[in-house]
Amino acid sequence: MTMITLQAIHLGPFMLPWTLTILMVAILVSVIVGKLTYRYFELETSQWSTFKDSIWTGIWLGVLCARIGFVLLNLEVYLDHPIEIIKIQDKGFNLYLGVITAFLWIMWKNRLLKKSFILLLLTIFSLLSVSAHYTYRQIQLQYQQFPDVQLLNLQQQPIKLTKYLGKPTVINLWASWCPPCRREMPVLSEAQKKYPNVKLIFINQNEDAVTVQNYL
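Everything numeric here is computed off the predicted structure, so don't read it as measured data. (Residues numbered from 1 in each chain as written. Predicted model: local features only at pLDDT ≥ 70, side-chain atom pairs only at ≥ 80, totals over all residues. Heavy atoms only, no water.)

Attention now moves to the environment of Asn197. Topologically, Asn197 is positioned in the loop between helix H6 (179–194) and strand S7 (199–204). Between the alpha carbons of Asn197 and Thr169 there is a distance of 9.0 Å; along the sequence they are 28 residues apart. (Helix = DSSP H or I, 4+ residues; strand = E, 2+ residues; numbered from the N terminus.)

Here it is as structure tokens:
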């Protein structure tokens, strides 16, 4: 099942974050342009093959360094649970370090190629990446707003979410029949005590007040 959300493209159990998708599309387009133009720049087939291979090697090096950089920046947390270092599903990657590493590797491996050829592909990659990330950010901002809806609290009094504008707020959607919701509720409760300056709002999903009260 394929689903597209504001955060990612979901392909069954796999998820491709938009930041990664944008990066991969920019790389793919740059490679295609390089394939179509390398003869124009009088490159030999072996030179193009070396350049192409250096891109994919650079990607793997970039991913590795991006993970290492993120772990080092959050070393105190990972030292408490070292096994978490290899659990990349936490999406802990330092994008900037990864891109810089890949860029330096590709430039070093192709230092003898014509600079005009490399400059062309680098320009295409940069323009695509920057413009796509800017567009994505603008779309995100449109949705990162408090919806103008009115809810009821436990005392059946109306509450508008817009009253929390400008304040650090976490909104959690939950239901008593939802196993993940039940597991995270005590954690969020502790978080509210630990960070009193952050407002945690729990919005129940279509259960009646009696059910909610009984569960709580």
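Packing of helix H1 (residues 18–37) against helix H5 (residues 115–143) brings their axes to within 9 Å, and their N-to-C directions diverge by 150 degrees. Classed by the angle they form, the pair H1 and H5 counts as roughly antiparallel. Remark: the crossing between H1 and H5 carries right-handed chirality. The residues of H5 that touch H1, namely those facing Trp18, Thr19, Ile22, Leu23, Ala26, Ile27, Val29, Ser30, Val33, Gly34 and Thr37, are Phe117, Leu120, Leu121, Ile124, Phe125, Leu128, Ser129, Ala132, His133 and Tyr136. Of the residues contributing to the contact of H1 with H5, the split by class is 15 nonpolar, six polar and no charged. (Axes fitted to C-alpha atoms, helices over the stretch in contact; angles between N-to-C directions. Parallel < 35°, antiparallel > 145°, perpendicular 65-115°, else oblique. Left-handed = near helix turned anticlockwise from the far one by under 90°. Contact = heavy atoms within 4.5 Å. Nonpolar A, V, L, I, M, F, W, Y, C, P; charged D, E, K, R; others polar.)

Glancing now at the nonpolar core. In this structure, Ile27, Leu43, Trp48, Phe51, Ile55 and Phe117 are the most contacted members of the largest nonpolar core, which totals 17 residues. Of all the elements in the fold, those that place two or more residues in this core are H1, helix H2 (45–73) and H5. (Core = buried A, V, L, I, M, F, W, Y, C linked by side-chain atoms within 4.5 Å. Buried < 20%, exposed > 50% of the residue type's maximum accessible area, 1.4 Å probe, protein only.)

Note that all results are geometric; they support no functional claim without further evidence.
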